[in-house]
Amino acid sequence: MAKVSYYTEEGLNRLKAELNEMKTKGRTDIARQIAEARDKGDLSENAEYDAAKDAQGLHELKIAKLGEILSGARILDESSIDTSMVAVLSTVKIKNRKNGAEMNYTLVSEEEADLKTGKISVGSPIGKGLLGKRVGEVAEIKIPAGTVELEVIEISRS
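All residue numbers refer to position in the chain's written sequence, counted from 1. Predicted model: local features are reported for residues with pLDDT of at least 70 only, side-chain atom pairs are reported and counted for 80 or more only, and whole-chain, interface and lining totals are derived from all residues. Hydrogen atoms and water are omitted, and side-chain values are computed over all heavy atoms in the structure.

S.K.: How do you make sense of the sheet that holds strand β6 (residues 138-143) when you look at a structure like this?
M.R.: Across a sheet, paired strands are connected by hydrogen bonds in the backbone, their directions being either parallel or antiparallel. The mixed open sheet is built from 5 strands, whose spatial order is β5-β4-β3-β7-β6. In the strand order of this sheet, the two ends are held by β5 (119-121) and β6, each with one partner. This sheet shows a mean twist of 45 degrees between the axes of neighbouring strands, independent of strand direction. By the bridge criterion, 5 bridges tie strand β3 (residues 90-96) to strand β4 (residues 102-108) in an arrangement that is antiparallel. Among the inter-strand pairings, Lys-93 is bridged to a residue of β4, identified as Asn-104. What makes two strands pair is DSSP finding at least two bridges between them. Each helix corresponds to a stretch of at least 4 residues labelled H or I by DSSP, and each strand to a stretch of at least 2 residues labelled E; elements are numbered beginning at the N terminus. Note on geometry: axes are lines fitted to C-alpha atoms, helical ones only across the stretch in contact, with angles between N-to-C directions running from 0 to 180 degrees.

Shown next, in the form of structure tokens:
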């Protein structure tokens, strides 16, 4: 049974496009590599052929995993997000109580997480620590460097 995960419409469309590309272009490229390796002679001692077949197996595994993720994917209605507490797809302004640094993060699914764009996974230590918090509450979060206290300053929709 596939695990249910919630995505933005944009994130779900990106995953579908990736799966489509893997099924079409990716499979075609690997089939071409196998054919080229097969043309080089004896298959019993052909390292290129073995490598191409291994790549094919890994590619099919990735397709299966992505298909499983998509089977449990649901689009989250952003208009129904309760902004009184931190939830999936909430944009949260937080303040590190130790150094005063303020940061903005949007909590998203594992597959959509991208720290460069300010999207963190709800499964990350910070994401888990912030879930359910309200404005003014402090989350004590254990991270690899120790414990950090983050105060929720503002919650909005992404």
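From this point, things continue past the structure.
S.K.: Before we go on, may I ask you to explain the environment of Val-86 in this structure?
M.R.: Structurally, Val-86 is set in the loop between β2 (73-75) and β3. Three labels apply to residues, based on accessible area from a 1.4 Å probe with only protein chains included: buried if under 20% of the type maximum, exposed if over 50%, partly exposed otherwise in between. When its relative accessible area of 2% is taken as the criterion, Val-86 is described as buried. In this structure, the C-alpha to C-alpha distance between Val-86 and Thr-106, residues 20 residues apart in sequence, is 9.7 Å. Residues in contact with Val-86, not counting those within four places in the same chain, are Val-92, Leu-107, Leu-130, Leu-131, Gly-132, Lys-133, Val-152 and Ile-155. Contacts are residue-level and defined by heavy atoms, with any inter-residue pair within 4.5 Å sufficient.

S.K.: I tried to follow the pattern of salt bridges on my own but got confused; where do I start?
M.R.: Side chains carrying opposite charge are able to pair once their charged atoms draw close together. Definition used for salt bridges: Asp or Glu carboxyl oxygen within 4 Å of a side-chain nitrogen of Lys or Arg. Going through the model one piece at a time under the given rule, you end up with 7 salt bridges. Notably, a salt bridge pairs Arg-27 with Glu-60, separated by 2.8 Å at the nearest N-O pair. Remark: Glu-60 occurs in helix α2 (residues 47-71) and Arg-27 occurs in helix α1 (residues 9-38); sequence separation between them is 33 residues. In this structure Arg-27 comes out as partly exposed when scored by relative accessible area, which is 35%. Accessibility expressed as a relative area gives 31% for Glu-60, which makes it partly exposed.

S.K.: Would you take a moment to explain the nonpolar core for this structure?
M.R.: Buried together is how nonpolar side chains tend to be arranged in soluble globular proteins. Among the nonpolar cores identified, the biggest contains 13 residues, and Val-86, Val-92, Ile-94, Leu-130 and Val-152 are the most heavily contacted of them. Contributing elements (two or more residues each) for this core: β3, β4, β6 and β7 (146-157). When neighbours within four sequence positions are excluded, Leu-130 is seen to be in contact with Val-86, Ile-94, Ala-139, Ile-141 and Val-152. The nonpolar core is taken to be a set of buried Ala, Val, Leu, Ile, Met, Phe, Trp, Tyr and Cys residues, with the residues joined through side-chain atoms within 4.5 Å. One finds Leu-12, Met-22, Ile-63 and Ala-73 within the second-largest nonpolar core, a separate group that totals 9 residues.

S.K.: Got a minute to help me understand the packing of α1 against α2 in this structure?
M.R.: For any two helices packed against each other, the geometry comes down to the angle between their axes and how far apart the axes lie. Packing of α1 against α2 brings their axes to within 9 Å, and their N-to-C directions diverge by 165 degrees. Relative to α2, the element α1 is oriented roughly antiparallel. Of the two elements, α1 crosses α2, and the hand of that crossing is left-handed. Only Asp, Glu, Lys and Arg are considered charged, only Ala, Val, Leu, Ile, Met, Phe, Trp, Tyr, Cys and Pro nonpolar, and every remaining residue, Gly among them, polar. Residues of the contact of α1 with α2, tallied by class, amount to 14 nonpolar, 5 polar and 9 charged. Convention used here: angles under 35 degrees read as roughly parallel, angles over 145 as roughly antiparallel, angles from 65 to 115 as roughly perpendicular, and any remaining angle as oblique. Should the near helix be turned counterclockwise from the far one by less than a right angle, the crossing is left-handed, whereas a clockwise turn marks it as right-handed.

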